[in-house]
Structure formats: C-alpha cells, structure tokens
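Here is what each chain is made of, one letter per residue.
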Amino acid sequence: MDSDTTIRRIKAFGTHHYGPGNNDGLGERCDNGYGGEPERKPEVSLYLLREGLAASVVSLFILVLWGLVHMSLQQLVIGKPTGDFNALRARRHLEQITSVGPRPVGSQENEVLTVGYLLEQIEQIRAETAAGPHQLTVDVQRPTGTFSIDFLGGFTSFYDRVTNVVVRLEPKGGAQHLMLANCHFDTVANSPGASDDAVSCAVMLEVLHSLANQSTPLHHGVVFLFNGAEENILQASHGFITQHPWAKQVRAFINLEAAGVGGKEVVFQTGPENPWLVQAYVQAAKHPFASVVGQEVFQSGIIPSDTDFRIYRDFGNIPGIDLAFIENGFIYHTKYDTADRILTDSIQRAGDNILAVLRYLLMSEKLADSSEYRHGNMVFFDLLGVFVVAYPARVGTILNYMVAAATFLYLAKKASRPGNDLAYATGVALLSWLVTLLSVLIVALLVTLLGRSMFWYDHFYTSICLYGAAATGKIILIHTLAKNLYYGTSSLELGDLYFDVSLLLWCCSLVWLTQQGLCSAYVPMLMVAFPLVTRILLAKEFKHRGASLRYSMFYLLGLALPYVHFMFLIWVVFEIFTPIMGRSGTEIPPEVVLASLVTLATIFLSSFFLHFIYLVRSTKWILTGLGSVFLLTFLVISSGLLFPYSDAPERPRPKRVFLQHTTRTFHNLQGQVESRDSGLWINSFDYTGIQHITPLVPEINDSFRTHCREDRPFCGYPWFLPVKFLSKKNWYLPAPEVSPSSPVEFSLLSQEETSWGTIKMTFRVTGPSHMSLYLLPHRGASLSTWSFGDGTPRFDLSGEYFIFYSHGLDVRTWTFWFEIQPPSDPDPSGPEGMISVAISSHYFFGPDHRTAQLEEILSRFPTWAFPSSWVSTYDMYRY
C-alpha cells in the first residue's frame, strides 16, 4: 500500500462526526458505543463495502428468495400420490359438471342437470360400497328462508326452494357427531365456474368415494353438502344450517372455496377459536399451506368477498376451516374459468389434503366434545409449503414479549453509552419512510391524471419498476443526504446504529400487534428474533473485519428464513389485491392502492438493509440506476404502450363490464305511470370506466353518463347487488323496451293502520328467479319491523334497504310485509307519500336473458373485455 493511499483513507475516516460541529476526530469516534475500540487501524476504511458489491449482494439475496417462493408455489404435490385419492376421476367429475355451462340459481342447468349428475354419482358410490362398514344416505333439500347480513355494506336475503344435495356417510350403527364438508355447484351468470366452485364439488365426490370404500369404520359421520345457491350470497348454506335436521349434529366443518383459478389451496380462515381444528390440519394435511395473516386480513373486511364460512359461524355457531384457491384471480367469475385451466396436480393436492384432514377428524375423539377444546386462538403459518408451524396464541404472546424484552435490553445497553444517536437516527428512518410514501403517491396521482391507470394489470412487474424503483431510490437518497450532510461520511458505527433503528421499529410493531391481540404479530417477532441473534453471533466478525463480503453473506443468511416467509406474504397480498382492482368499482383509485402496497413492501423489505447505505462509500451509481429505471418506465407508461387488458389464451386479463337491457317504469302516489324509459345500462367494474371502450363503441361516451336520482330507490337503476357506492360512473344508452315472457307482477295486497300508530303494508310479487327489492322511506318516515330476517329492518351504507330475492325451479308467489312509521312533519320539498318501493327483475338465463340490441352491442365489444349481460326491469311505486 502506498503512503498517499494510506493518508487519503486516514483523512476520510477522521472526518466522521455524529452531528453538526462535532468533528472530534478519530479518538472520540472510536468510543461511541457502536463497536468502537480505543484504537482502530487506519485501514478500517477497507472494511466499508464497495457500492457495486453491496447492491449486487442485496439484489441477489432478494432474487434468490423470490425464486424460492415461486418454486414452492409451483411445487403443487410433494411426493407420489398414495392412491387414496384419484385426481383423474375427480377431473372427469369437474369436466362433466362444467360441460353444461353457467349454472345460476333457478336455471335448468343448476337445478336439474347438475343435481341429476351429482345424484347419479352418489348412487353409484352407494351401490359400490353397500357391503362395506358404512351406510350412505342422500337427501335433496329445498329450503325457504330469510336472513340479514353485513356483507357489501349490509342487506337482507330471501330465498325460496333453493337446492341442496346432502349426503350423510356414517358407520352402519349410526353416528351421533358429524363433520360437514361444503362446496357449491351454482355459478354466477355467464361463467362456467370451474374453480368457483365445481372443482371443489368434484374433489368432494372423490373424497366421498374414498371414505365410503374405507375398510376401517369411521368413529363419526360426515355430511357432504353440495349446495346450489352460494353465489346468491350464501343462501343454500343458510337453508341447511338453520333448517336441516342433520345440522344439529354437526360439530365442525371444512369449506372449499375459490378466489382464483387453481394453484395451491390455502387455509385462510379457521375458528372462531377452536385451536384443535388448526392442530388437526397441521398434523394431517399432506401438503400444508396456511396463514393466520390471511385469516386476519380477510376477517378485517378489506377484501370485498365472503364465503359460506360466515353462515356456519354466525348462524350455526360451528367452528371450521376455510380453504380457497387464490391464484390467477383475473379470470375469477368470467368465461375463462374453465376446467382446462385447473391442473390435475392442483386437484390431487386439494384431494389429498381434504381426505387426510377429514379422515383425521372423523377418527378424533375431540370431535365428540369439541366444546371442551373450544377456547383460544392459534398462531399458524407454513414455511414454503413444506411444513406448518402452529402454537397457541397465549404461547405466542409470551414468546413475543420475551423477544421484545430481549431486544429492548440489547438496545438499552447500547443506548446508555455516550454519544448514542438512536433517537435521531430513528427519526431519520421514519421521516424517510413518510417522505417516500408521499412521493410515490404523487407519482401514482400523476399516472392517474395522465389516464394511464392500471397499466400494471397485464404487466405487473412494471409497477415494481415504477413504484418500487421510486420508493427504493427515495429511501436511499434521504439516507445518503443524512450520511453526507449530517454525519459527514460512512462508517461501521453508523451501519451498526441503523441496524439498531430497524430492530427498534420492528420491535415496536411487535409490541403493538401483540397488545391488539393479533396472531399476525408472529411476523415482526420473526423479523426481530432472527436479525438480533444473527447480529449477536456476528458481533466479533463485524468488529474485526467490518462490512466484509464474508460478514455480509453470513448476515443475509441469518435473515433468509424471516425474509423468505415475509416475501411469501407479500406474494399473497399482490396475488389477491392486483386482480381485485379489476372488479372493485370506479371509485377506488387503483394506482393509490397498488403504489401504497409496493411502497410498504419496499419499506418493510429494506428495513434491515438500511445500514448498508452507511456501510458503502457512495450510492451515486445505485441512485443513477434506480433513477434511470424509474424514468424509463414512466416514459413508457406515459406513452400508452402498456395496455391494461389482454385476451391472450394462456393468460387473459379481461376488463369487466356489466350490461343490462332494461325498461324502467315510475309510478306516482295515485298509481299512475309518471314516466317510462328503456335503455342499455352499462357499469364498468374498474377505475378506467369506458375510456378504452369508447374508441371501439363510440355510442358509449360521457354524453350518456347517468346521474343518481336521490328521490328514487337506488338512484332509479336496477342494481343486482347493493354496490352503487363502488361504481358511480354508469352509462345509459336509449334502446327499445324489453318484453320478457314472464314479466314481474307486483301488487299491494293491503294497507292498514296498527294500534301502535304504524302503517302495515303487505305486498305480493311473482317474477323470475332473481329479483331485487329496494325500500326508500321518505324524510321523517322510518321502518319499524318487517317480515325479513329477524324482523329488524337493516339498511345499507346509503340508508336504503336492499332485499335480495331468488327462487329455485318452482315459481311461487312471494308475499312480504313491513310496517312504517309515518313522518310527523312531511317534507314538502321531498317526494310525495311515506315511502318509495321499487322492484327489479333480472333474467340471467333462458329466452328472456338476451335481446337483439344486447347482441348487437356485445358483438362490437373488444375481445379483451368480458361483458356480463342480461335483461332486467325496474318498477317504482310511491305510497
């Protein structure tokens, strides 16, 4: 080493200071409590990382772990199938069920063809296993009922003779206690519903076949419920659990669902409480895949979806396990949800797991008296799908506080030394995160204003290049400025300091989540415990060798387990929320959501790499590279080269649009027709509206935008579900009247004053299998009771009342009543009368579900759009 080089390094090292005006030289710096010694060799600057090396090591670490996550997701089946579950036979069931096409409630396909196929297969299983130790009983239930639910802002449901195919398998001596396995065979209109939920019913048929052929008698019985009205907002499961005689013997359930197509089925809900169910899954599942984080996110309500799990939990007070396919949610509820997109290995995997867990529970003594094991929650999560870690939540609380206490002791010891700047450094880190989030949100707003929203829908990794590069660059820039302007230079001690900052912030989140009683607190526990232990083990290495390549490799190795799990959770978040942005309405800005998610992921992932910024001599080339990636991506996005949608057969990304050819009729207080019109009512279910449709179908433009009439129930339009708050940008093109062969018949049977001062009104309705009833009391009036649910009127977010109605094959008259308290001081500026009542009909199948005008406009839609269409009517009356 030449003398000039040595002098330059001594100068660079000696200029370090911890605050403005505190350039006290080498001796003062070495005694600051961060690994300093009374003397330090001048060659210590060699122990700082080179910029290229640091960037390469961290990038390689992230890429390797991301690769491991993807490998684990693609490894559907580990080991050879045992032969207990035959995936090929289950696939044949799947293909037969989906071959009839969409199966909405009330259709011949749902109520006759699919039910007939299920009964035929069940009868074959019964005949095949008649000589065995089990007996099989079949019942076709057609329940009628009503209930209220808080889903989608709150509404009420009424169903009439929907269909359940119920199969009971038990030892020939009978069984007192039953497990329940649930799937649904109905679909939304216009979708074959292979993943949602025909594949689950196919799996259940094969699981039934396997259990019925088992030579060892089961200890308990099992009910296989093939329910035929889940897409009508969970109606058939309610009919079973509240009305079927076998329901009283059910002690626990497994529900099979889908929010995507194929891949791994994940346990995303358990309980409530009942940790023995989680333990059963952990011990029995052959290919475990579970996360308590998913459970707490789903149950928080931020995901606009629900399953039959809610019904069994809330109306049956029964604990259970909820499983769902979550991959490729882009084609969920579309025409692309076909059997050929579901891999046989996915079927094998789901079948192996369901069969093993059911078999375990049916032989378990805990099922007989599950109330004894009812209390407490479980922390559970899998590691790359290889095995599941599960322990009681109370144990988790103790573990979390032990880790937090050890961390605070470690930090307190270091903070007690002179010259400690932990508080200041923590402020710098928090400020960098806040400024980063705000900066990226500004970019997201700019992309929105340019009309380039959802560019990532078909090009996901461009969102990483834009928002991820911006977030990473902003964090590095702020810390580089702090390092150069405040601290003066890089040093090992600064690196040590910012490691402690990350440890402190994760530890604070650990304590907060634990105090909130969230099982998800295990995530920050892992993100604290492993780095802390790694740092302690490498303390001598860091002191003597500094930020060497060897130290960096061992340090990253210590972070590998918590980081790979955390990256799996990040994958789950994006796998769920990215497709959801394509069906979350026109009011939620998707750029804000995705930019926030990418930024938060960047902040969390970068937390234990912050100190590398202070261990490198410079960050100019890293910042230049990130800035170039960001700028290039932004230019490409601004130019419009990244189209959001795709009709590629291998990976379609369709734009969802709802079209209804409707006729609306409005009556006054005297019952006379006040106005009448007809048109094509168009709803876009993503934020881009119709900006990409208008160039191809010029009639659909902003000159035909609808406006909400507040004096009419649900704005005067035939909403199928109470989601007008999600999609306020709608279009209404004039069109000829519709004339269904089975029109709605609506009449007021009676109107009488009660002795307690209310007006009781009774109505009669006949119509198609799907109808929506809207009630809008006028100002000063209020509903006191009605014939729905538990008798207490439940309004939605807008203060109106939405009642969802459906029926099976047999059309019967729907009679209902409500009592209204008249206004004491009527509003002269408002609509006349006490209440507006509207009835909307929806023709999803049969000869009435299409018109020439619908067919004509549908033929002009681009292939990358999925227009779901039907005929509807809307009739409003004042009383």
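What counts and how
- Residues numbered from 1 in each chain as written.
- Predicted model: local features only at pLDDT ≥ 70, side-chain atom pairs only at ≥ 80, totals over all residues.
- Heavy atoms only, no water.
- Pairing = 2+ DSSP bridges.
- Helix = DSSP H or I, 4+ residues; strand = E, 2+ residues; numbered from the N terminus.
- Axes fitted to C-alpha atoms, helices over the stretch in contact; angles between N-to-C directions.
- Contact = heavy atoms within 4.5 Å.
- UniProt positions renumbered as here; feature names shortened; annotations may be inferred.
- Salt bridge = Lys/Arg side-chain N within 4 Å of Asp/Glu carboxyl O.
- Buried < 20%, exposed > 50% of the residue type's maximum accessible area, 1.4 Å probe, protein only.
- Parallel < 35°, antiparallel > 145°, perpendicular 65-115°, else oblique.
- Left-handed = near helix turned anticlockwise from the far one by under 90°.
- Patch = residues over 30% accessible without salt bridge, like charges linked within 9 Å, V, L, I, M, F, W, Y side chains within 5 Å.
- Areas by Shrake-Rupley, 256 points an atom, 1.4 Å probe, with all protein chains shown as cover.
- Lys, Arg positive; Asp, Glu negative; His and termini not counted.
- Charge placed at Lys NZ, Arg CZ, Asp CG, Glu CD.
- Disulfide = S-S within 2.5 Å.
- Domains from an automatic or database assignment.
- Buried area = accessible area lost by both parts, 1.4 Å probe.
- Phe/Tyr/Trp six-rings, centres within 6.5 Å; stacked < 30°, edge-to-face > 60°.
- Lys NZ or Arg CZ within 6 Å of the ring centre and 35° of its normal.
- Expected span 1.5 Å × (residues − 1).
- Arc of directions from axis to C-beta.

Peer 1: Looking at this model, I keep getting lost on the sheet that holds strand β13 (residues 673-684). Mind explaining?
Peer 2: Pairing between the strands of a sheet is mediated by backbone hydrogen bonds and can be parallel or antiparallel. With respect to topology, nine strands assemble into an open sheet ordered β2-β3-β19-β17-β21-β22-β12-β13-β14, the strand pairing being mixed. Each edge of the open sheet is held by one strand with a lone partner, namely β2 (144-149) and β14 (730-734). Across this sheet, the average inter-strand angle for adjacent strands is 20°, counted without regard to direction. The strands touched by helix α7 (residues 235-243) within the sheet are β2, β3 (155-160) and β19 (801-807), with β3 carrying the most contacts at an inclination of about 75°.

Peer 1: I would appreciate a short explanation of the UniProt feature "domain: Endoplasmic reticulum metallopeptidase 1/1-A TM" (unreviewed entry) in the protein chain in the present structure.
Peer 2: In the UniProt entry, the feature "domain: Endoplasmic reticulum metallopeptidase 1/1-A TM" (unreviewed entry) is given for residues 421-637. Helix makes up 80% of residues 421-637 and strand 0%, with an end-to-end C-alpha separation of 42 Å.

Peer 1: Is there a simple way to explain the pattern of salt bridges in this structure?
Peer 2: Opposite charge on two side chains makes pairing possible when the charged atoms of those side chains draw close. Applying the stated criterion across every chain yields a total of 27 salt bridges. Notably, a salt bridge pairs Asp306 with Arg310, separated by 2.3 Å at the nearest N-O pair. The same class applies to Asp306 and to Arg310, which are both buried. Where Asp711 meets Arg709, a salt bridge forms, and the shortest distance between an N and an O atom there is 3.0 Å. Connected through shared salt-bridge partners, Asp306, Arg310, Arg313 and Asp314 make up one network.

Peer 1: Explanation requested: the packing of helix α13 (residues 422-449) against helix α19 (residues 590-606) in the structure shown.
Peer 2: Close contact between α13 and α19 brings their axes to 9 Å; oriented N to C, the two are set at 150°. When the interaxial angle is binned, α13 and α19 end up roughly antiparallel. Read as a crossing pair, α13 and α19 show a hand that is right-handed. Residues Trp433, Thr436, Leu437, Val440, Leu441, Ala444, Val447 and Thr448 of α13 pack against Glu591, Val592, Ala595, Ser596, Thr599 and Ile603 of α19.

Peer 1: Sorry, what's going on with the sheet that holds strand β18 (residues 782-786) here?
Peer 2: Strand order in the open sheet formed by four strands is β15-β16-β20-β18, and the pairing between neighbours is antiparallel. A strand with exactly one partner marks an edge of an open sheet, and here the two such strands are β15 (745-753) and β18. For this sheet, the mean inter-axis angle between neighbouring strands, taken without regard to orientation, is 30°. Bridge count for strand β16 (residues 759-766) against strand β20 (residues 814-821) is seven bridges, and the pairing is antiparallel. Bridge assignment links Lys760 to a residue of β20, and that residue is Glu819.

Peer 1: So what exactly am I meant to see when it comes to a positive patch on the surface here?
Peer 2: On the surface, Lys413, Arg417, Lys540 and Lys543 cluster together to form a positively charged patch. Note that Arg417 resides in the loop between α12 (393-415) and α13. Residue Arg417 is classed as partly exposed on the basis of its relative accessible area of 34%.

Peer 1: Whenever I open this one, the state of the cysteines confuses me. Can you help?
Peer 2: Two cysteines, two sulfur atoms, one covalent bond between them: this is a disulfide. All chains considered together, the criterion is met by two disulfides. Here Cys708 engages in a disulfide with Cys715; their sulfurs sit 1.9 Å apart. On the sign convention where negative means left-handed, the S-S torsion of about -75° between Cys708 and Cys715 marks this disulfide as left-handed. Given the relative accessible area of 38%, Cys708 is considered partly exposed. Across the protein chain, the way the bonded cysteines pair up, counted in sequence order, is 1-2, 3-4. Cys507 supplies the cysteine sulfur nearest to Cys508, a cysteine that is in no disulfide, at a spacing of 6.3 Å. The class of Cys508 is partly exposed, set by a relative accessible area of 38%. Cysteine Cys519 shares no disulfide, and the gap to the nearest cysteine sulfur, in Cys507, comes to 19 Å. Using a relative accessible area of 7% as the deciding quantity, one classes Cys519 as buried.

Peer 1: I keep staring at the domain arrangement of the protein chain and nothing clicks. Help me out?
Peer 2: How big an interface is tends to be expressed through the accessible area that disappears when the partners come together. Domain parsing of the protein chain yields domain 1 (51-73 + 409-639), domain 2 (87-376) and domain 3 (655-878). Here the C-alpha centroids of domain 1 and domain 3 sit 48 Å apart. The partner domain 3 presents twelve residues to the 14 residues of domain 1 that form the contact. Taking both sides of the interface into account, the surface hidden between domain 1 and domain 3 amounts to around 1,200 Å²; carbon and sulfur atoms contribute 57%. Contact with domain 3 buries area across many residues of domain 1, yet Arg583, Thr586 and Glu587 alone supply 45% of it, more than any other trio.

Peer 1: What exactly am I supposed to notice about the packing of aromatic side chains here?
Peer 2: Per the counting criterion, the structure on display carries 65 aromatic pairs. Judged by centre distance (6.4 Å) and plane angle (25°), the ring pair of Tyr877 and Tyr879 falls under stacked. Neither residue differs from the other here; Tyr877 and Tyr879 are each classed as buried. Between Arg664 and the ring centre of Tyr717, over which it is positioned, the NZ or CZ distance is 4.3 Å.

Peer 1: Is there a simple way to explain a nonpolar patch on the surface in this structure?
Peer 2: Where nonpolar side chains cluster on the molecular surface, the patch consists of Leu60, Val64, Leu68 and Met71 and spans about 390 Å² of accessible area. When you line up the elements, Leu68 lands in helix α3 (residues 51-74).

Peer 1: For this particular structure, what's the right way to read helix α21 (residues 620-638)?
Peer 2: Residues spaced three or four apart along an α-helix face the same direction, because each turn holds 3.6 residues. End to end, α21 covers 26 Å across 19 residues, agreeing with the expected 27 Å (1.5 Å per residue, within 8%). Along α21, the positions that sit buried rather than exposed are Ile622, Leu626, Thr633, Phe634 and Ile637. Down the axis of α21, the smallest arc covering the buried residues is 100°, so these residues share one side. Away from its buried face by more than 90 degrees, α21 exposes Lys620, Trp621, Leu632 and Leu635. Positive backbone phi, at 80°, marks Gly640, one or two positions downstream of α21.

Peer 1: I would appreciate a short explanation of unusual backbone geometry in the present structure.
Peer 2: For residues other than glycine, phi is negative in most cases, and the peptide bonds are mostly trans. Omega for the peptide link from Asp196 to Asp197 comes to 15°, which places this bond in the cis form. Summarising the element assignment, Asp197 is placed in helix α6 (residues 194-212). Cis geometry marks the peptide bond from Gly271 to Pro272, where omega comes out at 5°. Phi is positive for Glu273, which is not a glycine, with a value near 55°. Looking at the secondary structure, you find Glu273 in the loop between β8 (265-271) and α8 (275-284). Positive phi values are uncommon outside glycine, yet Met454 reaches one of about 65°. Assignment of secondary structure puts Met454 in the loop between α13 and α14 (460-487). Given the relative accessible area of 0%, Met454 is considered buried.

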